[in-house]
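# A closer look at the structure
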Amino acid sequence: MNQASLHKYIASKYQNASSKKLFELRLSTNLTLIKDLFFSLYPEEKYSIFFDTLISKLPSLYKERPSELQQQDIERITDENWYQSEGLVGMQLYVDHFSDNLEGLRQRLDYFQKLGVNFLHLMPITPRPKGENDGGYAVNSYHEVDQRFGSKEDLLMLTDEMRSKGMYLMLDFVANHTSNEFSWAKKAMAGNLKYQNYYYTYPDRSVPDAFEKHLPEIFPVTSPGNFTFNHKMKRWVMTVFNEYQWDLNYSNPQVFIEMLSNLVKLVNNGVDVVRLDALAFMWKKIGTQSQNLPEVHMLISLFKLCLQVVAPGVVLLAEAIVAPKDIIRYFGNGKMSGNECEIAYNATLMALLWDAIATKKTILLYKNLRSLPKKPNESTWINYIRCHDDIGLGFEDHYIDEIGWDAKQHRKFLLDYYCQNIEWSPSKGQIFMYNPKTGDGRITGSSASLLGLEDALEKNDEQAIEEAIDKVIMLHGITMSYTGIPLIYAGDEIGMLNDYSYLNDENKKGDSRWVNRPFHDWKAITTLEVKNNYQSKIFFSLQHLIRIRKEHRAFADHNNVILYDNPNPHVFIYERNYPNSQGILVVCNFDHNAQIINLDTLGSYGLPEGIEDLISGKTLNITGHTVPLMPYEILWLKHIAN
Ligand code: GLC
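Residues numbered from 1 in each chain as written. Predicted model: local features only at pLDDT ≥ 70, side-chain atom pairs only at ≥ 80, totals over all residues. Heavy atoms only, no water.

Right, let's talk about the overall build of the protein chain for a bit. Assigned secondary structure in the protein chain consists of 23 helices and 23 strands. For 642 residues, the compact-globule estimate of 2.2 N^0.38 gives 26 Å, and the protein chain sits close to it at 25 Å. Along the first, second and third principal axes, the C-alpha set of the protein chain runs to 75 × 60 × 50 Å. Expressed as a percentage of its 642 residues, the buried residues of the protein chain come to 62%. In the protein chain, of all internal contacts separated by at least 6 residues, the share reaching a separation of at least 24 is 72%. Accessible area for the protein chain stands at about 24,600 Å²; split by element, carbon and sulfur atoms hold 50% of it. Computed over 65 positive and 78 negative side-chain charges, the inter-centroid distance for the protein chain is 5 Å. (Helix = DSSP H or I, 4+ residues; strand = E, 2+ residues; numbered from the N terminus. Rg over C-alpha atoms; globule rule 2.2 N^0.38 Å. Buried < 20%, exposed > 50% of the residue type's maximum accessible area, 1.4 Å probe, protein only. Contact = heavy atoms within 4.5 Å. Areas by Shrake-Rupley, 256 points an atom, 1.4 Å probe, with all protein chains shown as cover. Lys, Arg positive; Asp, Glu negative; His and termini not counted. Charge placed at Lys NZ, Arg CZ, Asp CG, Glu CD.)

The next thing to look at is the state of the cysteines. On inspection of all chains with the given rule, the structure shows zero disulfides. Free cysteine: C419, not disulfide-bonded; nearest cysteine sulfur from C387 at 15 Å. Among the residues examined, C419 registers a relative accessible area of 13% and is labelled buried. (Disulfide = S-S within 2.5 Å.)

Every second residue of strand 1 (residues 90–93) is oriented toward a common face, with G90 and Q92 on one face and M91 and L93 on the other, all of them buried. Pairing between strand 1 and strand 2 (residues 119–122): four bridges, direction parallel. By the bridge assignment for strand 2, L93 is matched with L122. (Pairing = 2+ DSSP bridges.)

All chains considered together, the criterion is met by 38 salt bridges. For the salt bridge of K509 with E506, the shortest nitrogen-to-oxygen distance reads 2.9 Å. You can call K509 partly exposed: its relative accessible area is 41%. Among the residues examined, E506 registers a relative accessible area of 60% and is labelled exposed. The salt bridge involving D511 is made with R513; its shortest N-O contact spans 2.8 Å. Accessibility expressed as a relative area gives 14% for D511, which makes it buried. On the accessibility criterion, R513 (5% relative accessible area) is buried. (Salt bridge = Lys/Arg side-chain N within 4 Å of Asp/Glu carboxyl O.)

To continue, consider the environment of P312. Looking at where P312 falls in the secondary structure, it is placed in the loop between helix 13 (294–310) and strand 10 (315–318). Each C-alpha atom, one on P312 and one on S425, is 49 Å from the other, the two residues being 113 residues apart in sequence. Setting aside its immediate chain neighbours within four residues, P312 contacts R26, D73, I77 and L307.

So, on to the packing of helix 15 (residues 347–359) against helix 18 (residues 407–418). It is the contact of helix 15 with helix 18, at a shortest axis distance of 10 Å, that shows an interaxial angle of 80°. It follows from the interaxial angle that helix 15 and helix 18 lie roughly perpendicular. Contacts from W354, D355, I357, A358 and T359 in helix 15 reach H410, F413, L414, Y417 and Y418 in helix 18. When the residues that make up the contact of helix 15 with helix 18 are grouped by side-chain class, the tally is seven nonpolar, two polar and one charged. (Axes fitted to C-alpha atoms, helices over the stretch in contact; angles between N-to-C directions. Parallel < 35°, antiparallel > 145°, perpendicular 65-115°, else oblique. Nonpolar A, V, L, I, M, F, W, Y, C, P; charged D, E, K, R; others polar.)

Here we take up the site of the ligand. Residues in close proximity to the ligand include D134, Y137, H177, F219, F241, Q245, R275, D277, E319, H388, D389 and R513, which together make up its full environment. Measuring from an oxygen atom of the ligand, one finds a side-chain N or O atom of D134 at 2.6 Å. Between the ligand and H177 there is a distance of 2.9 Å, counted from an oxygen atom to a side-chain nitrogen or oxygen. Coverage of the ligand by the protein chains reaches 94% of its 310 Å² of free accessible surface. By residue class, the composition of the shell around the ligand is three nonpolar, three polar and six charged. (Near = heavy atom within 4 Å. Polar contact = N/O pair within 3.5 Å; in protein donor to acceptor, adjacent residues only side chain to side chain.)

We now examine the side chain of E86. If you trace the backbone, E86 turns up in the loop between helix 4 (67–78) and strand 1. Judged by relative accessible area, which is 11%, E86 ranks as buried. Of note is the side chain of E86, whose polar atom sits 3.1 Å from the side chain of R553. Residues contacting E86, with those up to four places away along its chain left out, are R549, K550, H552, R553, F555 and A556.

And the structure:
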């Protein structure tokens, strides 16, 4: 039994116990494991005093938690896992690009309800440096609200109202680094040794050079190298992302203890899911790439085990955009099993969907998905077609080679296809962080622009417009029906195009990810009901898909996805099933031509009668012994109940 199951048991067995008693029970349940992990990271001989500090801090952290949230914690751990429900659909947004501020967002909650969205990921709203700040991922505080978004009261009013409406909130915890304006960084710059040890700082290049031998570069174009010389401090400081983002030194236990406090303060604002930003980078070791190290898992698990004691209803999301085999480990392995993150981004599915669109073939998609180990039962994915960041081609070369394609050429083709290097491609993406030495690069662009809508509108090509709309709907139809929480990037629900205005902003123009972070088009939204245009077609189709998703238990995540092979290389087929309820077969055509599939390949969904497509509401169209599929069509097939 893992800790989460133990806590469920305790909460149900001691229903009438006081909240203090429950806290103590949780602490005694987790204590051995907390101790074990703490001393694995911070050897007992040297750091036992810090262990005592940590344990004596937990009761006061618990006391800080508002009683309403303490109550909710108990309900959450005794209920079924809410984050695996078919009833959940998410949206990700920058508050200032969506509704100016938090108050404006609260006024717009009915917009989400209209679409069916009930889970929000707000991009960082914490204070940040005035100039460049990586969209707020350079933090000056972990739990305050930046003035531009309003006040702490506005946040509390928002979370209150969201709770009353049954909505969930996810916020970032930028655990890997602070900004160079964070109070610890300022003290370090002023010469305070204690705080210099909160970061990786060095008087000369010897250690940085040793690190650099194995560290890759995250932003090679705008921020090459992994260290920055700070003139005030007269020391080199590790800055893996941008120069103004200082990596925290978690090999110092004081950093862990203080960051735990920051985390608790953050979640006490009414946060349901914490997005652990860039967590793969949280432990560094010379001689390694310093990503996904075993210590990272121990560290995250330590955060989790403490959070289970203090705020057990809070769920963690791993923002680990790494190789598929590495992503899955953030759900917890061995003694960390069930004690790490409940949710992770399905970056593998995301990247492969883009591969299938460009190649019009699903071979690589199947090959990779089949090779993924099964995730633990208590975990789930976030399924998305794109987010605020770039799209990286994060699948492994050997799978490409095994198909008989040349991995290097294939990657080049994908970059060319999406980044306007192939004349016939309808895509209007931009290249991000292209490294001519390795040929590596990533892709930016809004989904509609990447899928050809911008190009089709410019050319006023009706057929191409319809084709792009179909692609947008098909890809969302997949994320809505795959195992996990679908997450829509705000604006994609009305097919918003690339936003080039970032080029006029000094602090943004070097970062083409801003092209895919448009300002929400409320004007288009006011006319959705009266106009029949691409915005309304996409919006109402997504609304329809969401409604159907919520009506079917089969879409809840119980590791219930079964891939169906098919000799037709353009189709992608999978079944979602659920005990004692009807299964659903999802069938998609990634080709721009109509395709046919043989009835026999659809298992029990290939019966000549009694099958309905939930999306169109029509019975399955069968011609002879085959099912015709229109270009970019998606079907959600179900047996018609007698
Ligand atoms: C995550 C964020 C990204 C940010 C980076 C550094 O990957 O998604 O936007 O640049 O972390 O904080």
